[in-house]
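Fold and geometry: a report
What follows is each chain in one-letter form.
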Amino acid sequence: MSHKRIPKRKAAFAAGTVVALGAAAILLPNANASQDGSSNDAAAIAPKTLKATDASDLASQLEKLLGDSFAGSYYDSDSKQLVVNVISGDSNVVVQAKKAGAEVREVDNSLTELAAGAKTLKEEATIPGTAWAVDPRTNKILVTADSTVTGDKWNTLESTVKSLGSDMATVKKSAGTFKTFVSGGDAIFGGGARCSLGFNVTAGDGSPAFLTAGHCGVAAEQWSDTQDGQPIATVDQATFPGDGDFALVKYDDPATQAPSEVNVGGGQTVAISQAADAEVGLQVFRMGSTTGLADGQVLGLDATVNYPEGTVTGLIQTDVCAEPGDSGGSLFTQDGSAIGLTSGGSGDCTVGGETFFQPVTTALQAVGATLGAGDAAGGAGDQAGGEEAGAGGDASASPGDEAGAGQEVGGEQAGGDVIGGEEAGNGQETGNGAGDAAGDAAGQAHN
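I will try to describe carefully the structure that is included in this document. No experiment lies behind these values; they were computed from the predicted model shown.

Where helix 5 (residues 111-124) meets helix 6 (residues 151-164), the axes come as close as 10 Å, and the angle between the chain directions of the two elements is 155°. Compared by their axis directions, helix 5 and helix 6 come out roughly antiparallel. Note that helix 5 runs across helix 6; the crossing there is right-handed. Each of Gly117, Thr120, Leu121 and Glu124 in helix 5 lies in contact with helix 6, whose residues at this interface are Thr156, Thr160, Val161 and Leu164. Among the residues forming the contact of helix 5 with helix 6, the class breakdown is 3 nonpolar, 4 polar and 1 charged.

On to helix 6, then. For helix 6, with 14 residues, the first-to-last C-alpha span of 21 Å sits near the 20 Å given by 1.5 Å per residue. Taken residue by residue, helix 6 has Trp154, Leu157, Thr160, Val161 and Leu164 as its buried positions. An end-on view of helix 6 places all buried positions within 135° of arc, on one side of the element. Every exposed residue of helix 6 that faces more than 90 degrees away from the buried side is listed here: Asp152, Lys162 and Ser163. Check the buried side of helix 6 and you find it contacts helix 5, strand 4 (130-135), strand 5 (140-145) and strand 6 (169-173). Once helix 6 ends, the next one or two residues include Gly165, with phi positive near 100°.

The next thing to look at is the sheet that holds strand 2 (residues 81-87). In any sheet, the strands associate via hydrogen bonds between backbone groups, in a parallel or an antiparallel arrangement. If you walk across this open sheet you meet the 3 strands as 1-2-3, and the pairing is mixed. Each having just a single partner strand, strand 1 (70-76) and strand 3 (103-107) make up the two edges of the open sheet. Strand after strand, the sheet turns through a mean of 25° between neighbouring axes, direction not considered. Sheet analysis places strand 2 next to strand 3, joined by 5 bridges and oriented parallel. In the strand pairing of strand 3, Ile87 is matched with Val107. Each of strand 2 and strand 3 is contacted by helix 4 (residues 91-99), which is oriented at about 150° to strand 3, the strand it contacts most.

In this section: the environment of Gln81. Locating Gln81 in the fold gives a position in strand 2. Take Gln81: its relative accessible area is 16%, and that puts it in the buried class. Setting aside its immediate chain neighbours within four residues, Gln81 contacts Pro47, Lys48, Tyr74, Tyr75, Asp76 and Glu103.

Here we come to the packing of helix 3 (residues 52-66) against helix 4. Where helix 3 contacts helix 4, the axes come no closer than 11 Å and their chain directions differ by 155°. In terms of orientation, helix 3 and helix 4 fall into the roughly antiparallel class. As for how helix 3 packs across helix 4, the hand of that crossing is right-handed. Facing Leu62, Leu65 and Leu66 of helix 3, the residues of helix 4 in contact are Val93, Gln96 and Ala97. In terms of residue class, the contact of helix 3 with helix 4 is made up of 5 nonpolar, 1 polar and no charged.

Scoring rules and cut-offs
- Residues numbered from 1 in each chain as written.
- Predicted model: local features only at pLDDT ≥ 70, side-chain atom pairs only at ≥ 80, totals over all residues.
- Heavy atoms only, no water.
- Axes fitted to C-alpha atoms, helices over the stretch in contact; angles between N-to-C directions.
- Helix = DSSP H or I, 4+ residues; strand = E, 2+ residues; numbered from the N terminus.
- Parallel < 35°, antiparallel > 145°, perpendicular 65-115°, else oblique.
- Left-handed = near helix turned anticlockwise from the far one by under 90°.
- Contact = heavy atoms within 4.5 Å.
- Nonpolar A, V, L, I, M, F, W, Y, C, P; charged D, E, K, R; others polar.
- Expected span 1.5 Å × (residues − 1).
- Buried < 20%, exposed > 50% of the residue type's maximum accessible area, 1.4 Å probe, protein only.
- Arc of directions from axis to C-beta.
- Pairing = 2+ DSSP bridges.

Printed below as a string of structure tokens:
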């Protein structure tokens, strides 16, 4: 196999049962229980220590509660606290946010003002190779230009950003080129293209299906789990470019069992319990058929990306690496929340870069689907790139794969590190060929 499968950043999952996210809806009511100056106020105002996904739920609640005073939020992974931006001048809003358990920061730019700045960029600087998203940590719009933005195009972009003011937007250069991550190879195949399965879902009519990138869905109507193999699924809906990058692909066999899980290599899976919105600062994991497992953080929300094929809006910006063939792959949290579908970006898993993802919650709502439910032992293990992996089998493509001796491991194992709780040795492929010496060396180092 010639495809590179050793991502720059290693992502390790603890062995054992994945604990589903608890009910975060109780956070806000409980935090607001005391507002009469009672002895509980001092404790209530102290920021709460939260899991990232709980922080995301609390941020959604505060956005509704605070209205126009809410100016964005992010998760501080060091303190494990939600930081909420509020517009200066309203002391009651500050008290409300603190009582809810958030750390509060007063800022100047409202979400309305930031949205107006993004509108100006769209009208005056929609240039292929550019992207922008709101960064709540700086309370500014972060504009990125890839290596193709030079000369007059760069001058136009720079002048537009300057017109917004230094307190509203900043611009930076990216060494790579923004592109969708679709290529020829393994995983799911259609029309000569290769992509990755994102999440198994149940379509609105009750039939089994999966989500992948929209640019994959418009590239081919039918998809197979092997190169030049018989189609096993047909595109039902696809959006790209425009308001997203997502596709709903229905399995042709209505009896297909489609488990709600992600295969992370080494015979390990992560059960997907729910779809969740991203939060800046959230640690996320990406699984793709080219580079396997990689991790990073969410950097921005509601990102606009100007690909050569057209503009896509409403994406999640991250620093997670990806490469051609990873398109459509799953972005998720360690505790089993589905976050996004790989869209595109710049760079690769050697030099890094910016990467963008379609929010799963938006895609599910648009196509009328729900996260798939089925027998966790089957489903996509027999469909969509999930054949039983025996000697030399490829089990990196999609959720539900059954790992066998000598298979390709979608993640990595080197120097004794463990991905997904499994050792990579005994002739497993971890790099560029079956029985790669790195697999043996890594297994021996660990043992």
